[in-house]
Amino acid sequence: MDLNQRIIEVSDEILMTLLEFKKRHPDFTFSLRTKDSPQSNEPRLSIGRWFQGSNYIYVPLFKKGDQARKIKTIGFVLNFKPDLSIEKNHLEISFKAGINAEEEVAFHQALAKRLGVQLNEKNFGSLDYPNPTNYLENLNDYITRVRSITLELLEEHGLTKTYVISEEKFQKDLQKIHEIRKKLNKNIHDLQQPKLGEYLQILEHKKQIILQGPPGTGKTYTAKDLAEQMIFGDISTDKKTQKKRLEDTNQFELLQFHPSYSYEDFVRGIVANSEESGIRYETENKTLAKIAEKAQANWNDARKEINILAKEQQIIVLFHQFVDEVDAAIEFQNGYTINQNVSIVGVEPDAFRYSGGNWGNSLRMKFKDLILAQINGVTTRKAFRTLEGISGLGKQHASYFIKVLNQFQKAYESQLSNLSDKTIEKPKLKKFVLLIDEINRANLPSVLGELVYALEYRGETVTGMYAIDGNKELILPENLYIIGTMNTADRSVGHIDYAIRRRFAFIDILPTIEVIQHPEAQKAFQKMTTLFVKEEEGKKRNSKHLAPDFDYKEVQLGHSYFMLRGKAPSEQLHELKMRLQYEIVPILNEYIKDGILLESAKSKIEKLVEFE
């Protein structure tokens, strides 16, 4: 990593921090680089340097003024040492008065005084942060305390409009940055994973894939990239940003299988809940059924006519007002009467709880059933029971359900008879992604059950082992994608049978040296590679150190063990030595014990840590 790469890395980190702050403070704007520097022949903006500076980073919050006056307001500055660590982090006020700039000069002088910055004869002053390595903490001080003081003084001097960047200007500059970041993301990923586009095509076609390979090849890393690309249409360079994006959307789920994982953990299972009258056993949807239900709802909504969807949304709003009224009645009257024997006794996020005096346990009256009936104009018990899509319990207890629906219809008779044809935005068809890490560590035939059929026949109903509200049906919709990862070196894991294997596309994710940047790490990787593979006549074959029962593609340690997180070269070298000594060499020695590598590999393994 050179200085330019380091500046790009820190610039992106600062940009993400500022944008996170803006989410919480919508009026916050700041200054971004809008073009490459005229003083330099080297590109800056186009390679990801979002802020001013040549061999440093200068982050202004306000307008910088024109070339004649050289007014820079106040900046947050980072300087780097030769080893690329942070040498200095300070606030800087620097300005040069131009014609009729008395107000600006007075403002800058007042700002310097408030912040304790001494200005010299050239109207320059700086104030160091005591701990420059904590630059993100210092940045937070800059955008909260320092910004607040600056805004106050701008207001006093009548310069707010002159210096504060408008939201329109900020968004225009930010859009340019976003476009460059998307292009850079693509270029970076083309280097790290040139076959990503091919993997996406396979996933789109097959709906479920398994990324397989030896440990350390970035299978989970690639899987998350695929998920983000499927959902958002781009891939974040910063993995913290990616993690937050995926966690914040309701279109992504991540879980890891283990040997004791079961159908009841993954699809549907019976859980015990306590009630005043005792223990209540109920079926609950688990990870797969939950995300499938969300995907199916989106699939259905995206295909509805706008006018129908608009009326449905109005009905849903009215119904939830009714839910609030029922909830209030329960709180103050200890129940909401359905008939003389049965009452609603509780409200859940998606259902009423209703019970009779001697029932023992309460049952669920799903909002979805009542809303569906209202959308279809149902007013009688018979029509309710025969309506397609009503749950099994809804049909069985239609007399209770229709009474509640009739009460809703009576309470909101006027609003329901005057639903408008207002225009709404048509819901977009979304892609939902389920990522299963270490998918082969569980007994897949047992975990998937009848869904082995549903994987191949998307959109078709299958009958599950457990019923929810009297309904055993399950559907895996077309817009649900499943990505699994599989460690091919782990021979202790479960076997994937042919029925399951033919329903997934298997993609090899293999080690590659191209993504390793540190020269010593590259050398160590090459040395390690000779334990597993050799080249003969331009083709890769098993090394003489690898047991004949194994294929190098299944067991060779991957490149991620050699991709270093340290910032400075000296830090990276230390990290590499630690990785070799405490991660890589122990695994290779285990390979010898397990019979994957032969005894002849022992001396070569010992030499891996011998480098300068």
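Scroll up for the structure.
Residues numbered from 1 in each chain as written. Predicted model: local features only at pLDDT ≥ 70, side-chain atom pairs only at ≥ 80, totals over all residues. Heavy atoms only, no water.

(A) Region of the structure containing the packing of aromatic side chains. In this structure the tally under the stated criterion is 27 aromatic pairs. With 6.3 Å between their ring centres and 85 degrees between their planes, phenylalanine 322 and phenylalanine 352 make a pair best called edge-to-face. Placement of phenylalanine 322 in helix α11 (residues 306–333) and of phenylalanine 352 in strand β11 (residues 351–356) is noted, with a sequence separation of 30 residues between them. Judged by relative accessible area, phenylalanine 322 falls into the buried class, the value being 2%. Each member of the aromatic cluster is reached from another via a ring pair, and the members are Phe319, Phe322, Tyr336, Phe352, Phe367, Phe408 and Tyr412. Across the ring face of tyrosine 221, the terminal group of lysine 239 is positioned such that the distance to the ring centre comes to 4.5 Å. Sitting above the plane of the phenylalanine 232 ring, arginine 245 keeps its charged end 4.1 Å from the centroid. (Phe/Tyr/Trp six-rings, centres within 6.5 Å; stacked < 30°, edge-to-face > 60°. Helix = DSSP H or I, 4+ residues; strand = E, 2+ residues; numbered from the N terminus. Buried < 20%, exposed > 50% of the residue type's maximum accessible area, 1.4 Å probe, protein only. Lys NZ or Arg CZ within 6 Å of the ring centre and 35° of its normal.)

(B) Region of the structure containing the nonpolar core. In this structure, Phe30, Phe51 and Tyr142 are the most contacted members of the largest nonpolar core, which totals 49 residues. Of all the secondary-structure elements, those providing two or more residues to this core are α1 (3–24), β1 (56–60), β2 (74–80), β3 (86–94), α2 (102–115), α3 (135–156) and α5 (167–192). Other than its neighbours up to four places away in sequence, phenylalanine 51 contacts Ser11, Ile14, Leu15, Leu18, Phe30, Ser31, Leu32, Arg33, Ile57, Tyr58 and Val59. Core analysis: the second largest hydrophobic core is formed by 34 residues, Val267, Ala292, Met486 and Ile500 among them. (Core = buried A, V, L, I, M, F, W, Y, C linked by side-chain atoms within 4.5 Å. Contact = heavy atoms within 4.5 Å.)

(C) Summary view of the pairing of strand β14 (residues 461–468). Where β14 and strand β15 (residues 471–475) come together, four bridges link them in antiparallel fashion. When the bridges of β15 are listed, isoleucine 468 appears paired with asparagine 471. Hairpin connection, β14 to β15: the antiparallel pair is bridged by two residues, and aspartate 469 has positive phi, about 55 degrees. (Pairing = 2+ DSSP bridges.)

(D) Examining the packing of α11 against helix α15 (residues 398–411) more closely. Close contact between α11 and α15 brings their axes to 10 Å; oriented N to C, the two are set at 105 degrees. With respect to each other, α11 and α15 are oriented roughly perpendicular. Contacts between α11 and α15 involve Ile315, Leu318, Phe319 and Phe322 on the former and, on the latter, Val404, Gln407 and Phe408. Looking at the contact of α11 with α15 residue by residue, the class counts come to six nonpolar, one polar and no charged. (Axes fitted to C-alpha atoms, helices over the stretch in contact; angles between N-to-C directions. Parallel < 35°, antiparallel > 145°, perpendicular 65-115°, else oblique. Nonpolar A, V, L, I, M, F, W, Y, C, P; charged D, E, K, R; others polar.)

(E) Representation of helix α12 (residues 367–375) within the structure. Inspection of α12 places Phe367, Asp369, Leu370, Ile371, Ala373 and Gln374 among the buried residues, and these make up the whole buried set. Glycine 377 lies just past α12 and shows a positive phi near 70 degrees.

(F) Here's a closer look at the sheet that holds strand β9 (residues 336–337). An order of β9-β10-β11-β12 is seen for the four strands of this open sheet, with the pairing classed as antiparallel. Both edges of this open sheet fall to β9 and β12 (363–366), since each of them pairs with a single strand only. As defined by bridge partners, β9 adjoins strand β10 (residues 342–347) across two bridges and the pair is classed as antiparallel. In the sheet register, tyrosine 336 faces β10, and the bridge partner there is isoleucine 344. Sheet strands in contact with α11 are β9, β10 and β11, and its direction is about 105 degrees off that of β10. Contacts from α15 reach β9, β10, β11 and β12, with the element oriented near 45 degrees to β12.

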